[in-house]
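# Summary of the model geometry
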Amino acid sequence: MSLRRQYRKTGTTCTVTFTLPKTGAGSATSVHLVGDFNGWDKTAHPMRKQKNGIFAASLSLERGREYQFRYLLDGDRWENDWQADKYLRNEFGSDNSVVVV
């Protein structure tokens, strides 16, 4: 898993690419990127599966903020990003990944 940030020279946004490797996705056939940037909508950001088995999605996010997120595999299994900037406890007793932009 990895987070790649591409800052623009002008403006207030940054393109963040979220990736979930094959080892994290396992046998999942679908992965969605879910977080506070989309109101925790489980279907808003489907990730594309690459030929090498990696799932990826890019979002334009406002700079100077922190965003909590998780990956939802096959609609029923949650996975964190192993290389998130930090983790925060959620109301369900587990942790959310955090990306700092």
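The structure under discussion appears in the preceding block.
Presented here is a report on the structure given in the accompanying data block. (Residues numbered from 1 in each chain as written. Predicted model: local features only at pLDDT ≥ 70, side-chain atom pairs only at ≥ 80, totals over all residues. Heavy atoms only, no water.)

## Remarks on the overall build of the protein chain
Assigned secondary structure in the protein chain consists of one helix and nine strands. N-terminal to C-terminal, the α/β element order of the protein chain is β-β-α-β-β-β-β-β-β-β. The globule rule puts the C-alpha radius of gyration for 101 residues at 13 Å, and the 13 Å found for the protein chain is close to it. Principal-axis analysis of the C-alpha atoms places the extent of the protein chain at approximately 40 × 35 × 25 Å. (Helix = DSSP H or I, 4+ residues; strand = E, 2+ residues; numbered from the N terminus. Rg over C-alpha atoms; globule rule 2.2 N^0.38 Å.)

## Details of the environment of Leu3
Within the secondary structure, Leu3 sits in strand β1 (residues 2–7). Given the relative accessible area of 14%, Leu3 is considered buried. Sequence separation between Leu3 and Gln50 is 47 residues, and the spatial gap between their C-alpha atoms is 16 Å. Sequence-distant contacts of Leu3, defined by excluding residues within four places in its chain, comprise Thr17, Phe18, Phe69, Tyr71, Asp81, Gln83, Ala84, Asp85 and Val99. (Buried < 20%, exposed > 50% of the residue type's maximum accessible area, 1.4 Å probe, protein only. Contact = heavy atoms within 4.5 Å.)

## Describing the sheet that holds strand β5 (residues 55–62)
Judged by pairing direction, the sheet is antiparallel, and its four strands sit side by side in the order β1-β2-β5-β4 without closing on themselves. Since the sheet does not close on itself, it has two edges, and those belong to β1 and β4 (48–49), each with one partner. Alignment of β1 against strand β2 (residues 13–20), held across six bridges, turns out to be antiparallel. Pairing of Arg4 across the sheet is with Thr17, part of β2. (Pairing = 2+ DSSP bridges.)

## Looking at unusual backbone geometry
With phi around 60°, Trp40 is a residue other than glycine that occupies positive phi space. Take Trp40: it is sitting in the loop between β3 (31–35) and β4. Of the residues examined, Trp40 reaches a relative accessible area of 32% and is grouped as partly exposed. We note that Asp74 has phi near 50°; this positive angle belongs to a residue other than glycine. The topology assignment puts Asp74 in the loop between β6 (66–73) and β7 (77–79).

## Section: the packing of aromatic side chains
Throughout the structure, instances matching the rule amount to four aromatic pairs. Centroid distance Phe69 to Tyr71: 5.7 Å. Interplanar angle 75°. Geometry classified as edge-to-face. One exposure class covers both Phe69 and Tyr71, and it is buried. Taken together, the ring pairs in this structure connect Phe18, Phe37, Tyr67, Phe69 and Tyr71 into an aromatic cluster. (Phe/Tyr/Trp six-rings, centres within 6.5 Å; stacked < 30°, edge-to-face > 60°.)

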